[in-house]
Amino acid sequence: MKKVCIYGAGAIGGWLGVALAKAGCELSAVARGQTLQALQQNGLTLVHGEARETVTVNAAQDPAALGVQDVVVIAVKAPAMPDVAHSIAPLIGPQTLVLTAMNGVPWWFLAGGVDASLRGLQLKSVDADGSIARAIPTAQVIGSVVHASCSLDAPGVVRRHFGNSIIVGEPAALPGDAATPRLLALAEQLKAGGLEVKVSDNIQRDAWYKLWGNMTMNPVSAITGATTDKILGDELVRDFITAVMLEAKEIGARIGLPIADTPQDRHQVTLKLGGFKTSMLQDVEALKPVELDALVGAVREMGAMCGIATPFTNALMGLTRLRAQQLGLYPSLH
């Protein structure tokens, strides 16, 4: 796996790109504007504490200029996926692996790892017309769940704050399936680049568990402008978040992704991280589109598939959607 392209060379894409370059891969990136200029002039830099590493990257705006890759890493926010699907074809050959590093529920979520009654269904909230699934064959996808906090100091300059791990797995894997050689090879390559890597036998379960915390804190912060410590420090808001999490927990149990923790367990984990701005709050402040459908809309959709009422999740979706629409960060319903 020598030729690797990062599609979305932001904080997480840059973090993964540096790791793969350090592992000996020939790194390229699809980028635009200031990021494209910075990557072409200065390469890609990762900063952690006092350490600073810079790697060479072949950056282009047009994927056709880069050609077929061994691995394509997609590290964009969910609202950008239709554009990625429209442009990605020149990078993908029959043997290309596509590693997704995204928040929330991805378009491939129902490919495997969930209850058989849902397997293979399309999630309209994240792939309304099926164009993403057509452009990026699920059989070539490796899913991931990132546990690393990264931000951009400047275009092409990524700062890693805490966490340095990634969970990888085959979206179409069924219970009892052994890890595939391609999955193990990619895991080894990421390890060689200095990351902590876990190979999952059910990547949907790992994605769902991370989502269980993200799907509330992100939207509530977008509505209120508050950091996580203030959100969980308000008893009424905390109770509302708990109610949403209990709805999601019931959906998870029904679709074959049970969670043993209580919402209170998860609140304690979040509080230990200290007060921070969620990624969605950062997007709102930067006036960037919010990834509400992947974090909340998909949960509502799976609830409807299972016949589970989601009044609290509906309220969270409606309030956040309206706030985002007022700022021009989410499509209007009319």
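Conventions we followed
- Residues numbered from 1 in each chain as written.
- Predicted model: local features only at pLDDT ≥ 70, side-chain atom pairs only at ≥ 80, totals over all residues.
- Heavy atoms only, no water.
- 1 Å grid on protein atoms, 1.4 Å probe; cavity = no way out; pocket = protein on both sides within 12 Å on 5 of 7 lines; lining within 4 Å.
- Points joined across faces, edges and corners; volume = space filled by probe spheres on them.
- Helix = DSSP H or I, 4+ residues; strand = E, 2+ residues; numbered from the N terminus.
- Nonpolar A, V, L, I, M, F, W, Y, C, P; charged D, E, K, R; others polar.
- UniProt positions renumbered as here; feature names shortened; annotations may be inferred.
- Core = buried A, V, L, I, M, F, W, Y, C linked by side-chain atoms within 4.5 Å.
- Buried < 20%, exposed > 50% of the residue type's maximum accessible area, 1.4 Å probe, protein only.
- Domains from an automatic or database assignment.
- Contact = heavy atoms within 4.5 Å.
- Arc of directions from axis to C-beta.
- Expected span 1.5 Å × (residues − 1).
- Axes fitted to C-alpha atoms, helices over the stretch in contact; angles between N-to-C directions.
- Parallel < 35°, antiparallel > 145°, perpendicular 65-115°, else oblique.
- Left-handed = near helix turned anticlockwise from the far one by under 90°.
- Salt bridge = Lys/Arg side-chain N within 4 Å of Asp/Glu carboxyl O.

### Details of empty space enclosed by the protein
- If you walk through the whole model with that rule in mind, you get two cavities of 30 Å³ or more.
- One number sums up the size of the largest cavity: a volume of about 120 Å³.
- If you list the elements that add at least two residues to the lining of the largest cavity, you get β8 (141-154) and α6 (203-224).
- For the lining of the largest cavity, the element with the highest residue contribution is α6, accounting for four residues.
- Across the lining of the largest cavity, the residue classes break down as eight nonpolar, five polar and one charged.
- The calculated volume of the second largest cavity comes to roughly 40 Å³.
- As for the second largest cavity, its lining consists of Trp212, Gly213, Thr216, Met217, Ile241, Met245, Arg266, His267 and Thr270.
- Considering each element in turn, the lining of the second largest cavity owes the most residues, four residues, to α6.
- The class makeup of the residues in the lining of the second largest cavity is four nonpolar, four polar and one charged.

### A few points about the UniProt feature "domain: Ketopantoate reductase C-terminal" (unreviewed entry) in the chain
- Summarizing the sequence annotation, UniProt attributes the feature "domain: Ketopantoate reductase C-terminal" (unreviewed entry) to residues 202-322 in the numbering used throughout.
- Measuring from the first to the last C-alpha atom of residues 202-322 gives 35 Å, for a span that is 76% helix and 0% strand.

### Observations concerning the nonpolar core
- Formed by 67 residues in total, the largest nonpolar core has its most connected members in Ile74, Phe109, Ile136 and Trp208.
- Top element by residues in this core is α6. It accounts for nine residues.
- If you count residues domain by domain, this core takes at least three from each of domain 1 (3-202) and domain 2 (214-327).
- Residues in contact with Trp208, not counting those within four places in the same chain, are Phe109, Ala248, Ile251, Gly252, Ile255, Leu257, Ile259, Val299 and Met302.

### With respect to the UniProt feature "domain: Ketopantoate reductase N-terminal" (unreviewed entry) in the chain
- Per the UniProt record, "domain: Ketopantoate reductase N-terminal" (unreviewed entry) is annotated on residues 4-170.
- The span residues 4-170 shows a helical share of 20% and a strand share of 34%, and its end C-alpha atoms are spaced 19 Å apart.

### Observations regarding helix α9 (residues 263-272)
- Those residues of α9 lying buried are Pro263, Arg266, His267 and Thr270. One side of α9 carries all its buried residues, which in axial view fall inside an arc of 105 degrees.
- Of the residues one or two after α9, Gly274 is the one with positive phi, at around 80 degrees.

### Thoughts on unusual backbone geometry
- Even without glycine at this site, Leu287 takes up a positive phi of about 55 degrees.
- Mapping Leu287 onto the fold places it in the loop between α10 (279-285) and α11 (292-306).

### Here's the deal with the environment of Ile203
- The residue Ile203 is located in helix α6 in this model.
- Expressed as a C-alpha distance, the spacing of Ile203 and Gly169, which sit 34 residues apart in the sequence, is 5.0 Å.
- When near neighbours in sequence (up to four residues on either side) are disregarded, Ile203 contacts Trp108, Gly143, Ser144, Val145, Ile167, Val168, Gly169, Glu170 and Pro171.

### Side note on helix α5 (residues 181-192)
- In this model, α5 (12 residues) spans 16 Å end to end at C-alpha, consistent with the 16 Å of a helix rising 1.5 Å per residue.
- Residues of α5 that are buried make contact with α1 (11-22), β6 (71-74), β7 (97-100), β8, β9 (157-169) and β10 (196-199).
- Trailing α5 by a residue or two, Gly194 shows a phi angle of about 100 degrees, which is positive.

### Remarks on the packing of α6 against helix α12 (residues 311-326)
- The N-to-C vectors of α6 and α12 enclose an angle of 40 degrees; their axes lie 9 Å apart at closest approach. Taken together, the axis directions place α6 and α12 in an arrangement best described as oblique. For the pair α6 and α12, the crossing hand works out as left-handed. Residue-level inspection shows Met215, Thr216, Pro219, Val220, Ala222 and Ile223 of α6 in contact with α12, the latter providing Thr313, Leu316, Leu319, Thr320 and Arg323.

### Brief notes about the pattern of salt bridges
- On inspection of all chains with the given rule, the structure shows nine salt bridges.
- In this structure, Glu53 engages Lys22 in a salt bridge whose closest nitrogen and oxygen atoms are separated by 3.1 Å. Of this pair, Glu53 sits in strand β4 (residues 51-55) while Lys22 sits in helix α1, and the two are 31 residues apart along the sequence.
- Owing to a relative accessible area of 43%, Lys22 belongs among the partly exposed residues under this scheme.
- The salt bridge involving Lys277 is made with Glu285; its shortest N-O contact spans 2.9 Å.

### A few points about the layout of surface pockets
- Estimated volume of the second largest pocket: approximately 350 Å³.
- Ala78, Pro79, Ser125, Val126 and Asp293 are, among the 26 residues lining the second largest pocket, the residues nearest its centre.
- Every element with two or more residues in the lining of the second largest pocket is listed here: α3 (81-87), α4 (131-135) and α11.
- With three residues, α11 is the largest single contributor of residues to the lining of the second largest pocket.
- Considered class by class, the residues forming the lining of the second largest pocket number 18 nonpolar, three polar and five charged.
- Two domains each provide a minimum of three residues to the lining of the second largest pocket, namely domain 1 (3-202) and domain 2 (214-327).

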